[in-house]
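Structural features, examined
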Amino acid sequence: MKRALPLLLLLLMPAVHAQTVADGVRAGRAALEAGAPQRARALFSAALAQPGNQEDLFAAAIGLGRASLWLGDYPAAARAFGIAREQAGDTAGRQLADSGLAQALNAQDYPRKAYALVAPFAKGRAAPTLELLRAMQALGWQDKSTAYLTATPPAAAYAGAQYRLLRDDMQYALAPQVEGSLSFSHDSEDLDTWHAGAAWRSAPRAGAQLVQAWGAAFGTTRVDDRQRQHRLDEAALLGQWRIVDEHYADLRLGLGHSGAWQYLQGAVNWTWRSSDSFSLSAGAERAPLLTDAAIGRRLVGNTYSLASSLRAAASWYVIPTYYRQTFSDGNRRDGGSLRVLLSPRDIPDTAAALGAQLSTRVFHGSQPSRGVYFNPARYRAVQAGLIGVYGLGPGWKLRATAEMGRQFIDGAGAGIYGWQVSLQGRLPRNGRLQLQLGRSSAASESSGGAGYWNNSLMLSVSYPL
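The paragraphs below set out a description of the structure included in this document.

Thresholds, definitions, all that
- Residues numbered from 1 in each chain as written.
- Predicted model: local features only at pLDDT ≥ 70, side-chain atom pairs only at ≥ 80, totals over all residues.
- Heavy atoms only, no water.
- Helix = DSSP H or I, 4+ residues; strand = E, 2+ residues; numbered from the N terminus.
- Buried < 20%, exposed > 50% of the residue type's maximum accessible area, 1.4 Å probe, protein only.
- Contact = heavy atoms within 4.5 Å.
- Lys, Arg positive; Asp, Glu negative; His and termini not counted.
- Charge placed at Lys NZ, Arg CZ, Asp CG, Glu CD.
- Salt bridge = Lys/Arg side-chain N within 4 Å of Asp/Glu carboxyl O.
- Expected span 1.5 Å × (residues − 1).
- Core = buried A, V, L, I, M, F, W, Y, C linked by side-chain atoms within 4.5 Å.
- Patch = residues over 30% accessible without salt bridge, like charges linked within 9 Å, V, L, I, M, F, W, Y side chains within 5 Å.
- Areas by Shrake-Rupley, 256 points an atom, 1.4 Å probe, with all protein chains shown as cover.
- Axes fitted to C-alpha atoms, helices over the stretch in contact; angles between N-to-C directions.
- Parallel < 35°, antiparallel > 145°, perpendicular 65-115°, else oblique.
- Left-handed = near helix turned anticlockwise from the far one by under 90°.
- Pairing = 2+ DSSP bridges.

Focus on the overall build of the chain
A count of helical and extended segments in the chain gives nine helices and 17 strands. Taken along the three principal axes of its C-alpha coordinates, the chain extends 110 × 50 × 35 Å. Across the 465 residues in the chain, those meeting the buried criterion constitute 42%. Taking as baseline every contact in the chain between residues at least 6 positions apart, the subset at least 24 positions apart corresponds to 51%. The positive charge centre, built from 47 side chains, and the negative charge centre, built from 35, are 3 Å apart in the chain.

Here's what the structure looks like:
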């Protein structure tokens, strides 16, 4: 009998381990329901480390993924849902794991991967549809959302609210829109610049390989330095295209005039997004220089740029840009910028996220001059700062940046700073509002120098028709 006892224990060991995993899963779920994600994560991790049957290991991995999402540890959540996918015993289990994995990918700004996971089975199902809509919004693929907008909102209060907000975003993007805007800036050179504008955009029209929208914009600008005042009026045609889901193009082309002076102005931009980690863009822009002296001399600047966005790691982006500027007075600039961005990461148990950035800018001018617009022979600047994002409730977001650094103008160095606060939110009847305030002491394209600063304000309101 004594010899039979060890043999009996050996035979029962798999069942004991399986029960241990199941106990860990039950304890982890209880911790989640009690609002203790840290404890839940520890319990699910311990359960997943035990040998057990496929069903219990799947449940432990799903629980670990959900606890990690709650804590804002999205890479860990993605790994956990990946394990759950491997342990899934049927199609329903794999789709549950894919929905969680898509949520973790969206949170890390991998919308293409998230879209590919849930698009095959999301239709009519709330949780995967929520992630699909998030991916569509990030990719600018709102025209693909029509077939998915009939899903019943998720039962959970937060997920249900997010689904309704995204559904409103899709309907907004699919409708024609009208927009009004107002901006104002005042700088240390006592230059005031006012701009008021209005625009109309058509609803997007989707074909097999092409999505396009058209519109028109009108605006007026007043430039005043207390000695002279100039008014510039403009009218422009707007165009927007997406080709085979990878190529994006925007056009703004029109005429402007100030008194008897008439000029062509506008901008065209093209972007190729080959993946969630790389994009390439090129652009050209033509606009008058907004100083009274430059307007009096009828000076126009052309800017040609080439930029890319390289994703070095999950939250790190490197964005180099080369540009050339040519001015109608014969001056030419060759320059570039480099921005290294740590995208804002969620702070657990808060509505806030925090990020950082480092940026540099340099250019060389062929014909340096003074008095008409900021035009040194050599300029370089470097700034470092923080980025903060805070959710003010459903549909409202506050974003702030603060930077400090140093600039060198023809070899003379000086400290510079800048800050900007923006508020984005929703208005009744699915309208949108954006308010932006800022101050900077760094040189702009047309103004700058020792002791320079500029205060700015911008407000825009738009509504779907």
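Notes on the pattern of salt bridges
According to the stated counting rule, one finds 17 salt bridges in the structure shown. A salt bridge links Asp-225 to Arg-228; its shortest N-O distance comes to 3.4 Å. The class of Asp-225 is buried, set by a relative accessible area of 17%. Note that Arg-332 is salt-bridged to Asp-334, the shortest N-O span being 3.2 Å. Salt bridges sharing common partners tie together Asp-143, Lys-144, Arg-242 and Asp-245.

A look at helix α8 (residues 157-174)
For the α-helix, the turn length of 3.6 residues means that residues three or four positions removed from each other point alike. Between its first and last C-alpha atoms α8 spans 26 Å; for 18 residues at 1.5 Å apiece the expected length is 26 Å, and the two agree. Looking at α8, one finds that the buried residues are Ala-159, Gly-160, Tyr-163, Leu-165, Leu-166, Asp-169, Met-170, Tyr-172 and Ala-173. Looking at the buried side of α8, the elements it contacts are α7 (126-139), β1 (177-187), β15 (412-427), β16 (431-440) and β17 (454-464).

Quick look at the nonpolar core
Tyr-115, Leu-132, Leu-133 and Met-136 are the most contacted members of the largest nonpolar core, which has 37 residues in total. At the level of elements, α3 (54-70), α4 (74-87), α5 (91-107), α6 (111-118), α7 and α8 are the ones that each hand at least two residues to this core. With six residues, the top contributor of residues to this core is α7. For Tyr-115, the residues in contact, after removing those within four places along its chain, are Leu-132, Ala-135, Met-136, Leu-139, Trp-141 and Lys-144. The next biggest cluster of nonpolar side chains, apart from the first, holds 14 residues, and it includes Val-25, Leu-32, Leu-57 and Ala-60.

Some points on a nonpolar patch on the surface
A contiguous nonpolar surface patch, about 1000 Å² in accessible area, is contributed by Leu-182, Trp-194, Tyr-390, Leu-392, Leu-398, Met-404, Tyr-417, Trp-419, Val-421, Leu-437, Leu-457 and Leu-459. Secondary structure elements with two or more residues in the nonpolar patch: β13 (378-393), β14 (396-409), β15 and β17. Among the elements that take part in the nonpolar patch, β15 stands out by supplying three residues, more than any other. Mapped onto the elements of the fold, Leu-457 is located in strand β17.

What to know about the packing of α5 against α7
Orientation of α5 relative to α7, taken along the N-to-C sense of each, is 25°, at an axis distance of 9 Å. Here α5 is positioned roughly parallel relative to α7, judged by the angle of their axes. Considering how the two elements wind past one another, α5 and α7 form a crossing that is left-handed. Contacts between α5 and α7 involve Ser-99, Ala-102, Gln-103 and Asn-106 on the former and, on the latter, Pro-128, Glu-131, Arg-134 and Ala-135.

With respect to the environment of Ala-402
Within the secondary structure, Ala-402 is located in strand β14. Note on Ala-402: relative accessible area 43%, which makes it partly exposed. Spatially, the C-alpha atom of Ala-402 lies 9.8 Å from that of Ser-440, the residues being 38 residues apart in sequence.

A short note on the pairing of strand β7 (residues 261-273)
Relative to β7, strand β6 (residues 247-258) runs antiparallel, the two being bridged by twelve bridges. Bridged to Asp-250 within β7 is Asn-269. As consecutive antiparallel partners, β6 and β7 are separated by two residues, and within that stretch Gly-259 has a phi angle of approximately 65°, a positive value. The hairpin formed by β7 and strand β8 (residues 278-288) contains four residues between the paired strands.

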